[in-house]
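Report on the structure
In case you want the letters, here they are:
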Amino acid sequence: MKGHEPIIAMRMQGYTPREVWIRVFDFEPKYYEWDEPSKSLENGFTARIEVYPMDKGALDFRCVTGLVVHLSGTDDERVLQTLKHIERAKPLRVITSTANIFIDSASRESRIAA
Amino acid sequence: MTKLPIITPDSFDFKRYMAETESSAKVLPADTWRDELIEIVSGGNRITGACLPWAKTHENLRFRGGEVTLWMGSNGHGKSQLLGQACLGFVAQGEGVVIASFEMTPRATLHRMMRQAAMNGNPPPEFVDKFLDWLKGKLWIYNQLGQATPEMVGAVIRYAATELNAKHIVIDSLMRVVAGEDNYNAQKDFVGQLCTLARDYGVHCHLVHHTRKLSDESQIPGKFDSKGSGSITDQVDQCLTVWRNKAKQREMETAIRKGTPTHEIESKPDALLVCDKNRHGEWEGKVALWYHASSLQYTSDQRCSPLDMMTVTTGG
């Protein structure tokens, strides 16, 4: 998992991102220096966390507590597993979307294609 | 259109929240690791991690991310040299390596590794380009000689993992990072820090450490002979000892001087790689190695044929 450390550091100092974009990857992508998720905020982009295939078991998403989270990915099962981990951290709202899934925790709108 | 700021001040006491939820976030039900357990079982006895250059070690010794290996040995027994050859093997397997040697200059480190890669003692000047081109993007040297601090080493590990995407970090040696052989608490703290960083950043740390002087060099040291705090070997995942068979060297010299047959002496190994701690594996034991002097390579049998480290990926 990458990108959570700068959010924690920022929140420790009394600042918070408006929202956090979490992407569940099926592979570990290569980055340009400016595109690294850990540097997203530093480079003026939105807060971004990436979850990789090796991120199994315990994922600590306390950095998104009380925040709006946009969760996406291509592997429905892994996205839903990640959603469970995120919900444990009590975010304000999670909007989850994949090609087959749309779940908005605030509006209770939920659509999972068969 | 109103522009919304990406970052806003926050009145929420996040520091307190993190402290209060530390236990509930980290003490988890066993079924959290269900998928990982299924993966292990479905993979049978599949062994993962980078391997050493010698095929006979592949089933028993591996170097996985998140772990720390302690490389021990007495002075002059070739631990850094053997580790240098292992690093060439990691590079050949596509895994980036950062070497932080506080005991040897980068020039000396690279020269020795180049001889190992060239399989002889006098590689031609054009081999330098071939060797360095092969290492491009895969090997980095921390240019710091003499003493370092745990903070400096920590920063190098973080940089190596996040910026260079390196998978192996060599720290040669512990005594150059923690001053004072009897500074047991500092040694314990540093090795603890190394284990945490290895785990957090998914890299394998190779820590070189000296063993105390034994009464006689023919004795093979083990994990209980490590210099300094006992907690060093307690904390790491693997303990490997490099021991050179100096008695064989002397026997060979005598036999050559007297003109007596050397076959029997040659069949004895020149060095042993002893594993006496393997936390995530079932094997502990000794690996016999033969030394090819001109290439500075350790080989797996008495034929002593050096390996082509630049093409070998899983060893021979």
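**Observations regarding the overall build of chain B**
Scanning chain B for helices and strands turns up eleven helices and ten strands. Along the three orthogonal principal directions, the C-alpha set of chain B runs to about 90 × 45 × 45 Å. Out of the 316 residues in chain B, the part that is buried amounts to 48%. Of the accessible surface of chain B, which amounts to about 15900 Å², a share of 52% is contributed by carbon and sulfur atoms.

**Some words on the nonpolar core**
Residues and elements named next belong to chain B. Trp-71, Phe-131 and Leu-273 are the most contacted members of the largest nonpolar core, which totals 38 residues. Looking at this core, the elements that each hand over two or more residues are helix H3 (79-92), strand E3 (97-101), helix H4 (106-118), helix H5 (125-135), strand E7 (238-244), strand E8 (271-278) and strand E9 (285-292). If you tally residues by element for this core, the top one is H3, at eight residues. Ignoring any residue separated from it by four or fewer positions in sequence, one finds Trp-71 in contact with Leu-52, Phe-63, Lys-79, Leu-82, Leu-83, His-206, Leu-207, Val-208, His-209, Leu-240, Val-242 and Leu-273.

**Points about the environment of Gly-66 of chain B**
Residues and elements named next belong to chain B. Here Gly-66 shows up in the loop between helix H2 (34-42) and strand E2 (68-73). Residues Gly-66 and His-204 lie 138 residues apart in sequence; the distance between their C-alpha atoms is 5.6 Å. When sequence neighbours within four positions are dropped, the list of residues in contact with Gly-66 reads Ala-198, Arg-199, Gly-202, Val-203, His-204 and Asp-237.

**Details of the packing of aromatic side chains**
Residue and element names in this part refer to chain A. Evaluation of the coordinates by the stated rule reveals ten aromatic pairs over all chains. Taken together, a centroid distance of 5.4 Å and an interplanar angle of 80° make the contact between Phe-25 and Phe-27 edge-to-face. According to the relative accessible area criterion, Phe-25 is buried, its value standing at 14%. Look at Phe-27 and you get partly exposed, because its relative accessible area is 48%. One aromatic cluster is present, formed by Phe-25, Phe-27 and Tyr-52 through successive ring pairs.

Thresholds applied
Residues numbered from 1 in each chain as written. Chains lettered and ligands numbered in written order. Predicted model: local features only at pLDDT ≥ 70, side-chain atom pairs only at ≥ 80, totals over all residues. Heavy atoms only, no water. Helix = DSSP H or I, 4+ residues; strand = E, 2+ residues; numbered from the N terminus. Buried < 20%, exposed > 50% of the residue type's maximum accessible area, 1.4 Å probe, protein only. Areas by Shrake-Rupley, 256 points an atom, 1.4 Å probe, with all protein chains shown as cover. Core = buried A, V, L, I, M, F, W, Y, C linked by side-chain atoms within 4.5 Å. Contact = heavy atoms within 4.5 Å. Phe/Tyr/Trp six-rings, centres within 6.5 Å; stacked < 30°, edge-to-face > 60°.

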